[in-house]
Amino acid sequence: MSFIERTSLGGLLAGLVECDTQNPPGAEGDAAALVEARLAALGFETELDEFAPGRVNLVARLVNGEGPRLAFNTHFDVVPVGQGWASDPLRLDEREGRLYGRGACDAKGQIAAMVEALARLSEDRDSWRGTLLAVFVADEEVGSLGARRFKQRYAEYGPIDHVIVGEPTGNRPVNAHKGSLRPVVAVRGRSAHSGTPELGVNAIYAAARLCAAVDELHQQVRERNHPSVGRAALSVTRIHGGHADNVVPERCEVMLDRRMIPGEKEQDAIAEIEALLARLDAEHGVEAAIERFQATTGGASETQPSSAVVRAALEAARAHGVAVEAPGGFPGGCDLVHFRELGIPGVVIGPGDLGVAHQPDEFVPIDELESAVGIYAEIARRLLPVEPRG
């Protein structure tokens, strides 16, 4: 009998992978309902918050006496399936100690492990005191709409003393992560017949000058370094211009990807790009402006290594065989930043390797998935002790 068939952990992950939550468009409702039913059966108070058509957050709570309030957070949505899979990406496949499927690594594996940890804790209420919350959200992969929605409603649920955010870290605790910002810059020109191009202004040529200037700015930005997450970055990731074969293009769109490190502010990163555009206009006559933001999951964030939640995560990981001396950094964006903006200290931890997330044949190792259940439960017991710890 396979791991998927013989364990509730494998069965839950299989059910989650079969829920199509590719983002765009998202549609997290089926996955949220699946988890809601499981947590309700364990005695949690549950709420499904559909804040937009098909976009659903799940907030569940279990009160077990007086004590701190600990939240488990991760996301239902996954990136598009794409091509190149050896098996059906929306059906969990077990091969050689690994579970393959879209979201197995990022972040449905984390949801399954967290739910199993919550099940253990609900069945062993003598080992902890306080309140457990599950805050599983929509849209982390694009714009963090779910986390922003929870942040808006925080007063209805709060306060929260600590948060554990599930992302693929190989079960190593992470206390800092990068932020992401993706502005779309519209470069304006003037159309003309391609037989007389001198009568127009070619927006693609102007965009090429912009791209060169962006690379120059990146060389400055990358000098900003963080000991855990590495360097800040600015890149051109997409470009689109022109509408006909024989017309000088009057418009070109350039998407930028700005990766921020802890200590950088989102508004400062935007202002820096706007200053670049103003300089290009003044010096070279390039008319360009930020037209919209394709996605912005939020800024970078950091929790002090000395905080209780980071120390508890380190101790729990070591107790389950993870060789780790200090917390690390997460090179991608994640929803921890939205909890940090509420003043909540948090740690990022979960099974899987970020290097296989978002790729064909995404997988999570079974041993890491099983270990994560114990690690999550152990962090909770350390943060919600029956007796005060010295």
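For the structure itself, consult the block above.
The rules behind the values
- Residues numbered from 1 in each chain as written.
- Predicted model: local features only at pLDDT ≥ 70, side-chain atom pairs only at ≥ 80, totals over all residues.
- Heavy atoms only, no water.
- Helix = DSSP H or I, 4+ residues; strand = E, 2+ residues; numbered from the N terminus.
- Rg over C-alpha atoms; globule rule 2.2 N^0.38 Å.
- Contact = heavy atoms within 4.5 Å.
- Areas by Shrake-Rupley, 256 points an atom, 1.4 Å probe, with all protein chains shown as cover.
- Buried < 20%, exposed > 50% of the residue type's maximum accessible area, 1.4 Å probe, protein only.
- Arc of directions from axis to C-beta.
- Axes fitted to C-alpha atoms, helices over the stretch in contact; angles between N-to-C directions.
- Parallel < 35°, antiparallel > 145°, perpendicular 65-115°, else oblique.
- Nonpolar A, V, L, I, M, F, W, Y, C, P; charged D, E, K, R; others polar.
- Polar contact = N/O pair within 3.5 Å; in protein donor to acceptor, adjacent residues only side chain to side chain.
- Core = buried A, V, L, I, M, F, W, Y, C linked by side-chain atoms within 4.5 Å.
- Pairing = 2+ DSSP bridges.

(A) Expanded view of the overall build of the protein. Across its full length, the protein carries 11 helices and 20 strands. In terms of C-alpha radius of gyration, the protein reaches 23 Å, essentially the compact-globule figure of 21 Å for 390 residues. Principal axes of the C-alpha set define a box for the protein whose edges measure 80 × 45 × 40 Å. Across the protein, contacts joining residues at least 24 apart in sequence account for 78% of those joining residues at least 6 apart. As displayed, the protein has an accessible area near 16,200 Å², and 47% of this comes from carbon and sulfur atoms.

(B) How the structure looks around unusual backbone geometry. Residue A107 is bonded to the preceding D106 through a cis peptide linkage, with omega at 0 degrees. Along the polypeptide, A107 turns up in the loop between β5 (98-100) and α4 (108-123). Cis rather than trans, the peptide bond between G158 and P159 has omega equal to -5 degrees. With respect to the element layout, P159 can be found in the loop between α6 (154-157) and β7 (162-165).

(C) Here's a closer look at helix α2 (residues 8-18). For α2, the tally of buried residues reaches eight of 11 residues, placing the bulk of the element in the interior. Those residues of α2 not exposed but buried are L9, G10, L12, L13, A14, G15, L16 and V17. Summarising the contacts, the buried residues of α2 are in contact with α1 (3-6), α3 (29-41), β5, α4, β20 (363-365) and α11 (366-383).

(D) Helix α5 (residues 145-152), seen in detail. Looking only at α5, the buried set comprises G146, A147 and F150. Projected down its long axis, α5 carries its buried residues within an arc of 95 degrees, all on one side.

(E) Structural context of the packing of α3 against α4. Packing of α3 against α4 brings their axes to within 10 Å, and their N-to-C directions diverge by 10 degrees. On the basis of their axis angle, the class for α3 and α4 is roughly parallel. In contact with V35, R38 and L39 of α3, α4 contributes I111, V115, E116, L118 and A119. Residues that form the contact of α3 with α4 fall into these classes: six nonpolar, no polar and two charged.

(F) Up close: the side chain of E378. Inspection of the secondary structure assignment puts E378 in helix α11. Owing to a relative accessible area of 19%, E378 belongs among the buried residues under this scheme. A distance of 2.8 Å separates polar atoms of two side chains, one belonging to E378 and the other to R382.

(G) Here's a closer look at the nonpolar core. Grouped together as the largest cluster of nonpolar side chains are 62 residues, with contacts concentrated most on L39, L132 and F136. Formed by 24 residues, the second largest nonpolar core is a distinct cluster that contains A206, L277, L280 and A288.

(H) Structural detail: the sheet that holds strand β4 (residues 93-95). Spatially, the three strands line up as an open sheet ordered β4-β5-β20, and their pairing is antiparallel. Two strands lie at the open edges of the sheet, namely β4 and β20, each paired on one side alone. For this sheet, the mean inter-axis angle between neighbouring strands, taken without regard to orientation, is 25 degrees. Where β5 and β20 come together, three bridges link them in antiparallel fashion. Opposite R98, over in β20, you have P365 as the bridge partner. Strands β4, β5 and β20 of the sheet are contacted by α11, whose axis makes an angle of about 70 degrees with β20.

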